[in-house]
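# Survey of secondary and tertiary structure
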Amino acid sequence: MFNEELIAARLDIIQSAIRRLQLLARMPREQFLQDEDAVDIAENRLRRALEALFDLGRHLVVKSGLGVPQDYRAIIEKLKDGQILPADFATQIMGMAGYRNRLVHEYNKVTPEELYEILQNRLGDFTLFCQHIVNYLERQFPR
C-alpha cells in the first residue's frame, strides 16, 4: 500500500525546491557565479530535490512489488521496468543518481559553473519526473 502522505510530502519538496531554483536560474551567469549565497541555495535545494526524488522513487518501487533497489541508479531502472517512468525519460535522468552522490560525497568538487548549467538545462527533468509519478498514480487509482 502506498503511503499517500510520504508521496505528497516528497512531491512538495521537489516542487518547492524547483520553484526556488527557477528563480535562481533567472540570474545572469556572472551574477550567480559571484553570489556565494545563491550558489549555496542552489546546491542545497538541488540536493533536497534529488533526495526527495529518490526517496519517492524507492517507495514506489518497493510498494509496487518491483524489488528493493540497491542504489540510486537501480531506483530509476526499476521505475522504468515497472513502467512508472517511460524508458526514454529514465535514460535521460539516470545521471541524477551520480549527481546526487557528487553533491553528498564529493561536495568539495561541486562548482558554481556546473550548478548554473543544471539550473539552465535540467530543472525541467524534475517537473517531468513529478508528472510521470502523478500520471502513474492516477492510472493505478482512477477517480
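Further up the page is the structure itself.
Before going into details, it helps to say that this report is about the structure given with it. Going along each chain's sequence as written, the residues are numbered from 1 onward. Reporting of local features is limited, given that this is a predicted model, to residues whose pLDDT is at least 70; pairs of side-chain atoms are given and counted only at 80 or more, and all residues count toward the totals for whole chains, interfaces and linings. Only hydrogens and water are set aside; all other atoms, that is, all heavy atoms of the structure, feed into the side-chain values.

### Comments concerning helix α3 (residues 36-63)
A helix here means a DSSP run of H or I that spans at least four residues, while a strand means a run of E at least two residues long, and both kinds are numbered starting from the N terminus. Multiplying one less than the number of residues by 1.5 Å gives the expected span of a helix. Here α3 spans 40 Å end to end across 28 residues, near enough to the 40 Å set by a 1.5 Å rise per residue. Polar contact criterion, stated in full: a pair of N or O atoms within 3.5 Å, where within protein one must be able to donate a hydrogen and the other to accept it, and residues adjacent in sequence count only if both atoms are side-chain atoms. The N-cap residue of α3 is Asp35: its side-chain oxygen and the backbone nitrogen of Asp37 are 3.1 Å apart. Phi for Gly65, located one or two positions after α3, is positive at around 75°.

### Focus on the environment of Arg100
Within the secondary structure layout, Arg100 lies in helix α6 (residues 95-105). For the exposure calls, accessible area comes from a 1.4 Å probe over protein chains only, and a residue counts as buried if that area is under 20% of its type's maximum, exposed if over 50%, partly exposed in between. Residue classification places Arg100 among the buried positions, given a relative accessible area of 9%. Sequence-wise, Arg100 and Ala49 are 51 residues apart; in three dimensions their C-alpha atoms are separated by 9.4 Å. Contacts were defined at the residue level, with two residues in contact if any of their heavy atoms lie within 4.5 Å. With residues up to four places along the chain from it excluded, the contact list for Arg100 reads Leu50, Glu51, Phe54, Tyr72 and His105.

### Focus on the nonpolar core
Buried Ala, Val, Leu, Ile, Met, Phe, Trp, Tyr and Cys residues form a nonpolar core when they are joined through side-chain atoms within 4.5 Å. Core analysis: the largest hydrophobic core is formed by 49 residues, its most contacted members being Phe32 and Phe129. Tallying contributions element by element places α3 first for this core, with 12 residues. When sequence neighbours within four positions are dropped, the list of residues in contact with Phe129 reads Ile14, Leu53, Leu56, Leu79, Leu85, Phe89 and Ile93.

### Some details on the packing of aromatic side chains
Planes of paired rings set the category: under 30 degrees apart is stacked, over 60 is edge-to-face and the rest tilted, where pairs are Phe, Tyr or Trp rings (Trp by its six-membered ring) whose centres lie within 6.5 Å. Applying the stated criterion to the full structure yields four aromatic pairs. When the centroid spacing of 6.4 Å and the interplanar angle of 80° are considered together, the rings of Phe2 and Tyr136 count as edge-to-face. Taken together, the residues span a long stretch of sequence, with Phe2 in the segment before α1 (4-25) and Tyr136 in helix α8 (residues 123-140) at a distance of 134 residues. Each member of the pair, Phe2 as well as Tyr136, carries the same accessibility label: buried. Ring centres of Phe2 and Phe141 lie 5.8 Å apart, and the angle between their planes is 85°; this geometry places the pair in the edge-to-face category. Note that Phe2 is positioned in the segment before α1 and Phe141 in the segment after α8, a separation of 139 residues in sequence. Take Phe2: its relative accessible area is 13%, and that puts it in the buried class. On the basis of relative accessible area, Phe141 is assigned to the partly exposed category, the value being 44%. Taken together, the ring pairs connect Phe2, Tyr136 and Phe141 into an aromatic cluster.

### Some words on unusual backbone geometry
For Gln83, which is not glycine, the phi dihedral falls at a positive 60°. When you line up the elements, Gln83 lands in the loop between α4 (72-81) and α5 (87-93).

### Some thoughts on helix α7 (residues 112-121)
Restricting attention to buried positions, one finds in α7 the residues Glu114, Leu115, Tyr116, Ile118 and Leu119. The inward-facing, buried residues of α7 contact α1, α2 (29-34), α3, α6 and α8.

### Some remarks on the pattern of salt bridges
The working definition used for a salt bridge is a side-chain nitrogen of Lys or Arg within 4 Å of a carboxyl oxygen of Asp or Glu. Overall, the coordinates contain seven salt bridges when judged by the stated rule. Residue Glu30 is joined to Arg29 by a salt bridge in which the shortest nitrogen-to-oxygen separation is 3.1 Å. Judged by relative accessible area, which is 40%, Arg29 ranks as partly exposed. The salt bridge involving Arg102 is made with Glu106; its shortest N-O contact spans 3.5 Å. Note on Arg102: relative accessible area 22%, which makes it partly exposed. Using a relative accessible area of 34% as the deciding quantity, one classes Glu106 as partly exposed. In the salt-bridge network here, residues are joined through shared partners; they are Arg102, Glu106 and Glu114.

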